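Given next are the chains, with one letter for each unit.
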Amino acid sequence: MPSVVDICNESLDLLGAATITSLTQNSKEARLCNRNFELVRDAVLRAHPWNVAVTRASLPQDAATPPFGFLYQYTLPTQPYCLRVLSFWDSNVNNEQAAYDSNVMYKIEGRKILSNENACNIIYIGRVEDTEQYDSLLSSAIAHRLAAETAYAITGSGTVAQTMNAQYEQRLREAKSIDAMEGYPEQPQADTYTNIRF
């Protein structure tokens, strides 16, 4: 499976740039990859509920409470680090059909979840740092985003940067589509609007 250097080299290949052997080598390409890789990785992971990154956690209440508006607050997880909350789990929702639906009112503020619920069970996207867990399309999507982010710095061409961004969007759509096919497809929850239409 790909290493960070492998993913960086795929992005450099897309740009026709010199490849690297490590993120710490003394080259412009390595410095750009080293500076941008983690930011790009997190952005791509946030962009979709990738199967490899979705996780669940039951959070303890904070001792402190919000000054107004909500009764309770909870600190977002760090193991793995929470990049995006997908759902505040609600036992009243048929999660076999719509795993990320929620009827619970909650708000993310900073690294806190505010809610009136006295228990907090969330489904979230966690930061996956081990690239060996990525499938080939997720790795490629990260490489394409990295190419788009570093294109101008490496090539000096705005046209190349635009082309790389378009290629990233295309690869991201492909990767998301394949990833979403793994597992039982979610079904829309019936509500008043859908009942009226159908």
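All values reported here derive from a predicted model rather than from experimental measurement.

Focus: the confidence of the model for the protein chain
Thought 1: With 86% of its residues at a pLDDT of at least 70, the protein chain reaches an overall mean of 89.
Thought 2: Long-range and interchain partners of residues 186-198, a stretch whose pLDDT sits below 50, account for 13 contacts in this model, where long-range means more than four residues apart.

Brief notes about the nonpolar core
Thought 1: The biggest cluster of nonpolar side chains holds 37 residues, and the ones touching the most others in it are V44, L45, W50 and I142.
Thought 2: Every element with two or more residues in this core is listed here: α1 (4-15), α2 (28-46), β3 (82-88), β6 (120-126), α3 (136-155) and α4 (158-180).
Thought 3: At 10 residues, the largest contribution of residues to this core is made by α3.
Thought 4: The residues touching L45, leaving out its near neighbours within four places in the chain, are W50, A53, L83, I125, G126, R127, V128, Y134 and L138.
Thought 5: Among the nonpolar cores identified, the runner-up in size contains 12 residues, and L59, C82, C120 and Y124 belong to it.

Overview of the packing of α1 against α4
Thought 1: In the contact formed by α1 and α4, the axes pass within 11 Å of each other and the chain directions differ by 130°. Considering the angle they form, α1 stands oblique to α4. Between α1 and α4 the crossing geometry is right-handed. Of α4, the residues touching α1 (which contributes E10, L14 and L15) are V160, M164, Q167 and R171.

Details of unusual backbone geometry
Glycine aside, residues mostly have negative phi, and peptide bonds are mostly found in the trans state.
Thought 1: Each neighbour pair has its own omega, and for Q79 with P80 the value is -5°, a cis peptide bond.
Thought 2: Mapping P80 onto the fold places it in the loop between β2 (72-75) and β3.

Some points on the packing of aromatic side chains
Thought 1: Applying the stated criterion across every chain yields a total of one aromatic pair.
Thought 2: Where F88 meets Y106, the ring centres are 5.6 Å apart and the plane angle is 40°; that geometry is what we call tilted. Placement of the pair is F88 in strand β3 and Y106 in strand β4 (residues 106-109), with a sequence separation of 18 residues.
Thought 3: Residue F88 is classed as buried on the basis of its relative accessible area, which comes to 1%.
Thought 4: The lysine or arginine in question, R111, covers the ring of Y81, its NZ or CZ lying 4.0 Å from the ring centre.
Thought 5: Positioned above the aromatic ring of Y81 is the side chain of R127, whose terminal nitrogen or guanidinium carbon lies 4.4 Å from the ring centre.

Side note on the sheet that holds β6
The strands making up a sheet are joined through hydrogen bonds of the backbone, oriented either antiparallel or parallel.
Thought 1: The three strands are arranged β1-β6-β3 in an open sheet whose pairing can be described as antiparallel. Two strands lie at the open edges of the sheet, namely β1 (54-59) and β3, each paired on one side alone. Within this sheet the neighbouring strands show an average axis-to-axis angle of 35°, counted without direction.
Thought 2: In the packing of α2 onto the sheet, contacts are made with β3 and β6, and the angle to β3 comes to roughly 10°.

Notes on the sheet that holds strand β5 (residues 112-115)
Thought 1: One open sheet holds the three strands; their spatial order is β2-β5-β4, and the pairing between them is antiparallel. Each having just a single partner strand, β2 and β4 make up the two edges of the open sheet. Direction aside, the axes of adjacent strands within the sheet are offset by 25° on average.

Topic: the environment of L114
Thought 1: With respect to the helices, strands and loops of the structure, L114 is situated in strand β5.
Thought 2: Measuring from C-alpha to C-alpha, the distance between L114 and T65 comes to 8.7 Å, with 49 residues separating the pair along the chain.
Thought 3: In this view, L114 contacts P66, F70, Y72, Q73, M105, Y106, K107 and E109; residues no more than four positions away in its chain are not counted.

Digging into the pairing of β5
Thought 1: Two strands pair when backbone bridges link them, and β2 and β5 are joined in this way by four bridges, in the antiparallel orientation. Paired with Q73 across the strands is L114, a residue of β5.
Thought 2: Where β4 folds back onto β5 in an antiparallel hairpin, the turn is made up of two residues, including G110, whose phi is positive at roughly 65°.

Calculation criteria
- Residues numbered from 1 in each chain as written.
- Predicted model: local features only at pLDDT ≥ 70, side-chain atom pairs only at ≥ 80, totals over all residues.
- Heavy atoms only, no water.
- pLDDT = per-residue confidence, 0-100.
- Contact = heavy atoms within 4.5 Å.
- Core = buried A, V, L, I, M, F, W, Y, C linked by side-chain atoms within 4.5 Å.
- Buried < 20%, exposed > 50% of the residue type's maximum accessible area, 1.4 Å probe, protein only.
- Helix = DSSP H or I, 4+ residues; strand = E, 2+ residues; numbered from the N terminus.
- Axes fitted to C-alpha atoms, helices over the stretch in contact; angles between N-to-C directions.
- Parallel < 35°, antiparallel > 145°, perpendicular 65-115°, else oblique.
- Left-handed = near helix turned anticlockwise from the far one by under 90°.
- Phe/Tyr/Trp six-rings, centres within 6.5 Å; stacked < 30°, edge-to-face > 60°.
- Lys NZ or Arg CZ within 6 Å of the ring centre and 35° of its normal.
- Pairing = 2+ DSSP bridges.

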